[in-house]
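Letter by letter, the chains look like this.
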Amino acid sequence: MISLAQLLTLSGVVFALAVAGVFLNRKNLILLLMCVELLLLAANFNFIAFSRYLGDIRGQIFVFFVLTVAAAESAIGLAILVVLFRERRSINVEDLNEMKG
Amino acid sequence: MLVQILFYVFAVVLVASALGVIVARNPVHSALALVLCFVTSACIWLLIGAEFLALVLVLVYVGAVMVLFLFVVMMLDINIEELRRGFTRFAWLGWITAGAVIAEITAVVLAKSFGVVVSQGPGAEPVTYSNTTELGSVLYTQFAYPFELAAMILLVAIVAAIVLTMRRRPGYKAQDVRRQVAVRARDRIRIVKMPAESTAASEAPATQSASTSGPAAPGGAP
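Below, the structure is looked at part by part.

Some points on the overall build of chain B
Working step 1: Along chain B, the regular secondary structure elements total 10 helices and 0 strands.
Working step 2: Along its sequence from the N terminus, chain B presents helices and strands in the succession α-α-α-α-α-α-α-α-α-α.
Working step 3: Evaluated residue by residue, chain B yields a buried proportion of 18% over its 222 residues.
Working step 4: A fraction of 55% describes how many contacts in chain B between residues 6 or more apart in sequence connect residues 24 or more apart.

A closer look at the interface of chain B and chain A
Working step 1: Taken together, the contact between chain B and chain A spans 67 residues of the former and 63 residues of the latter.
Working step 2: Sorting the residues of the side of chain B that touches chain A by element identifies helix H1 (2-23), helix H2 (27-47), helix H3 (51-75), helix H4 (80-84), helix H5 (91-111), helix H6 (131-139) and helix H7 (144-165) of chain B as the ones contributing at least two each.
Working step 3: Considering each element in turn, the side of chain B that touches chain A owes the most residues, 12 residues, to H5 of chain B.
Working step 4: A breakdown of the residues in the side of chain B that touches chain A according to their chemical character gives 56 nonpolar, 9 polar and 2 charged.

Looking at the nonpolar core
Working step 1: The biggest cluster of nonpolar side chains holds 72 residues, and the ones touching the most others in it are Val14 and Leu38 of chain A together with Leu34 of chain B.
Working step 2: With 14 residues, the top contributor of residues to this core is helix H2 (residues 29-53) of chain A.
Working step 3: Ignoring any residue separated from it by four or fewer positions in sequence, one finds Val14 of chain A in contact with Leu38, Leu41, Ala42 and Phe45 of chain A together with Leu14, Val15 and Ala18 of chain B.

As for the packing of H2 of chain B against H3 of chain B
Any two packed helices are characterised by how steeply their axes cross, that is the angle between the axes, and by the distance between the axes.
Residues and elements named next belong to chain B.
Working step 1: Running from N to C, H2 and H3 cross one another at 175°; their axes reach a closest spacing of 9 Å. When the interaxial angle is binned, H2 and H3 end up roughly antiparallel. Across from Pro27, Val28, Ala31, Leu34, Val35, Phe38, Val39, Ser41, Ala42, Trp45 and Leu46 in H2, the residues of H3 making contact are Glu51, Leu53, Ala54, Leu57, Val58, Tyr61, Val62, Met66, Phe69, Leu70, Val73 and Met74.
Working step 2: Classifying every residue of the contact of H2 with H3 gives 21 nonpolar, 1 polar and 1 charged.

Quick notes on the rules
Every chain is numbered on its own, with residues counted from 1 as its sequence reads. Written order decides the labels, with chains lettered from A and ligands numbered from 1. Totals for whole chains, interfaces and linings use every residue, but because this is a predicted model, local features are given only for residues with pLDDT of at least 70 and side-chain atom pairs only at 80 or more, for both listing and counting. For helices the rule is a DSSP run of H or I covering at least 4 residues; for strands it is a run of E covering at least 2, with both sets numbered from the N terminus onward. Put plainly, a residue is buried at 20 or more neighbouring C-beta atoms within 10 Å of its own, exposed at 12 or fewer, and partly exposed in between, counting only other residues' C-beta atoms, which are placed from the backbone. The contact criterion used is a C-beta to C-beta distance within 7 Å, with each C-beta placed from the backbone. Following the grouping adopted for this structure description, the nonpolar residues are Ala, Val, Leu, Ile, Met, Phe, Trp, Tyr, Cys and Pro, the charged ones are Asp, Glu, Lys and Arg, and the polar ones are all others, Gly among them. Throughout this description, the term nonpolar core refers to a group of buried Ala, Val, Leu, Ile, Met, Phe, Trp, Tyr and Cys residues whose C-beta atoms join them within 7 Å. Helix axes use the C-alpha atoms of the stretch in contact, all axes being lines fitted to C-alpha atoms, and the angles between their N-to-C directions lie in the range 0 to 180 degrees. Working definition: roughly parallel below 35 degrees, roughly antiparallel above 145 degrees, roughly perpendicular at 65 to 115 degrees, and oblique for all remaining angles.

Below you can see the structure in the form of C-alpha cells.
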C-alpha cells in the first residue's frame, strides 16, 4: 500500500515545480494560468491523501469544490485573456503596466 | 507490491510531465503535457481509492478545461519568441524557490506522521463500498448549501465568460426582436384624408372605376 509520506512528497514536488514554472514563464499569461492549475492539482493531492488516510470523506468533498472553483477561474481567466489579446495583440505580462503608479 | 510499482511509474510520469509543462518552448506542448499530468494524477487517485474524483478530474479537466486552454492557445496568434526572451534571467530564482519548497515539505513529511499509522495504511474497503455513494450521501445532506453555492459560482463563471468575450461587430445584421415587437402601425404608414380630385364632367364614371379597381390591384389579378 502507498504510504502517506510518499503521496505528500509527490504533491510537494509537483507544487514546487509549479512554483518554479511561475518564475520561469513570468511573461506568458497562458503558462501562468497553467501553472496555477498545477498548483491546485498538487493541493488536491494533499486533500485526497489525508481524506483517505484519516478516513474522513469530507476531504474529498473539499476537492470537489476546489475543482469547481478552479474550472470557473480558468474559464474567466481565459475570457479575460482573449479580451486582452484583442485589445493589445499581446499577452505579455510586462505590457500590462498602465496601472503602474 | 504491484500498487507500489504502479505508484512509482505514475509518479515519475507525473513529475516528468509537470517539468514538461514549465519548460516546453511551445504553449501547445505545455498544454498537452498538462493533460498528461491530469490523466496521471487521476490514475494515482484511483490507486488510493478516490474513484469519483479521479473520473471527475478526467472528465472536467481533460475534457473541458484543457480543451478550452488548447482552443485559446491555438486561436490567439502569439509571438512565442518575444515571450521566450529573458527566459533564463530569473530561472535561478525559480529553481531555488522550488528546491526550498521541496526541502521544506519533505522535512515536514518525514518528521511528522500526522497521527496516521504509516505502516498500516487505511486498509482495504469492503466489496460493497462505493466511493460515489459515500460522497453523495455527504454532499447532498451536510454540504447541500455549499453545493448550491458551487453551482452558483459556475453560473456566474458562464455569464462572465460570455459577457467578457461578446462584442458588436460593425457589419452585424440580425433581427432585433424587441424593436420588431414595439413597432406600431401608425409609425410606418400615414393615412391622409383628402378630397378626391375630379373634373366636373366625368365625376360619376371616375369614382366608379376607382372603387372597382382599387381593391383589385393589391389582391393580384391573375
